[in-house]
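Single-letter residue listing:
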Amino acid sequence: MKKGILIVSFGTSYLDTLEKTIAVIEREAAEKFPQAGVYRAFTSSVIIRKLKRTAGLAVDTVGEALKRMAADGVEEVIVQPTHIINGIENDVMTESLMAHMGQFRQIRAGKPLLSSVDDYKKSVHAVMAETELEPDEMLVLMGHGTDHHANSAYPTLEYTFHALGYTQVLVGTVESFPELKNVISRLEISGKKKAVLMPFLLVAGDHAKNDMAGEEDSWKSQLEEAGYEVRVILKGLGELEGIRKIFLEHIEEAAEG
């Protein structure tokens, strides 16, 4: 049977971070699973349209990618999301898969990044393996956040950092809980006056460059106004070798059924 792997990402319109994150995951999947063709899909129609308009880059939706795979004669499909949590984007992806099940002999879906206890632990170690902190610094990770019940992943993530001994780490979200004000409250309790900002997002795109590190009304500017010395690490999770390894392990798990 002809095999194919579909890497599904929310997407980004920032080509620099796309090449450092999503494209690297896709290349590593192609290297690790040479018997399968690797395809790309984004779940954000807004980003797909923007990339077409501004960069002349065509990216498929999940449905379009599956049709392309079927036309190429692929019979056995593994779909691996690069989503961080089992939230709205993953639900949307799953709906698309269900609608196209009949086109293939088999479709299997891999899990998002934070899906098991081991995933949380591995993600924590992956971040800390490539992040150096001074004793007087606190690492503040900015997640996306969601109204979906899967938002509980973010407080769970902070708890896991602390349980594994990384007590200099706080986790907040742009669009849900914990908010920046919650992060600042915990910074005050820590007594440290230096904050290191880093996105807990696959790509260092709009949220990272503007909401986190921008000069106005950003986490950086608000922390500085609150009296903190701020250092920024503008690096998406997809740039971390340990994080990419988790996604590849999830493809392997899906392949094994």
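Before any of the text, the structure's been laid out above.
Computed from a predicted model, the values in this text were never measured in an experiment.

A. Helix α11 (residues 241-255), seen in detail. The end-to-end C-alpha distance of α11, which contains 15 residues, comes to 21 Å, matching closely the 21 Å that a straight helix rising 1.5 Å per residue would cover. Of all the residues in α11, the buried ones are Ile243, Arg244, Ile246, Phe247, Leu248, His250, Ile251 and Ala254. Those residues of α11 hidden inside the fold are in contact with β1 (3-9), α2 (22-32), β3 (76-81), β4 (106-109) and α6 (117-129). After α11 finishes, the residue Gly257 shows a positive phi value of roughly 80 degrees.

B. Focus on the nonpolar core. Ranked by internal contacts, the top residues of the largest apolar core, which has 47 residues, are Leu113, Val127, Phe161 and Phe200. Counting residues per element, this core draws most heavily on α11, at 6 residues. Residues within four places of Leu113 in sequence aside, it is in contact with His83, Ile84, Asp119, Ser123, Phe200, Leu237, Ile243, Ile246, Phe247 and His250. Counting 17 residues, the second-largest nonpolar core is a separate cluster that includes Met138, Met212, Ala213 and Tyr228.

C. Spatial organisation of the pairing of β4. Across 4 bridges, the pairing between β3 and β4 is parallel. Considered in β4, the bridge of Val79 is made with Ala109. Between β3 and its parallel partner β4, the chain crosses via helix α5 (residues 88-99), and the hand of that crossover is right-handed.

D. Representation of the packing of α2 against α11. Between α2 and α11, the least distance of the axes is 10 Å, while the angle of their chain directions is 45 degrees. Comparing the axis directions of α2 and α11 gives the class oblique. Crossing angle aside, the handedness with which α2 passes α11 is right-handed. Here Val24, Ile25, Glu28, Ala29 and Lys32 of α2 come into contact with α11, specifically with Arg244, Phe247, Leu248, Ile251 and Glu252. For the contact of α2 with α11, the class distribution of residues is 6 nonpolar, no polar and 4 charged.

E. Summary view of the sheet that holds strand β6 (residues 169-173). Strand order in the open sheet formed by 4 strands is β6-β5-β7-β8, with parallel pairing between adjacent strands. Strand pairing shows two members of the sheet lacking a second neighbour, β6 and β8 (229-232), which therefore form its edges. Pairwise comparison of adjacent strand axes, ignoring direction, gives a mean angle of 30 degrees for this sheet. In this sheet, β6 lies alongside strand β5 (residues 137-143) in parallel orientation, the contact comprising 5 bridges. When the sheet's bridge partners are listed, Met142 is paired in β6 with Gly172. Strands in contact with helix α8 (residues 180-190) are β5 and β6; relative to β6, the strand with the most contacts, it is inclined by about 165 degrees.

How each quantity is defined
- Residues numbered from 1 in each chain as written.
- Predicted model: local features only at pLDDT ≥ 70, side-chain atom pairs only at ≥ 80, totals over all residues.
- Heavy atoms only, no water.
- Helix = DSSP H or I, 4+ residues; strand = E, 2+ residues; numbered from the N terminus.
- Expected span 1.5 Å × (residues − 1).
- Buried < 20%, exposed > 50% of the residue type's maximum accessible area, 1.4 Å probe, protein only.
- Contact = heavy atoms within 4.5 Å.
- Core = buried A, V, L, I, M, F, W, Y, C linked by side-chain atoms within 4.5 Å.
- Pairing = 2+ DSSP bridges.
- Right-handed = clockwise from strand over helix to strand, strands pointing away.
- Axes fitted to C-alpha atoms, helices over the stretch in contact; angles between N-to-C directions.
- Parallel < 35°, antiparallel > 145°, perpendicular 65-115°, else oblique.
- Left-handed = near helix turned anticlockwise from the far one by under 90°.
- Nonpolar A, V, L, I, M, F, W, Y, C, P; charged D, E, K, R; others polar.

Functional significance is not addressed by these values, which are geometric in nature.
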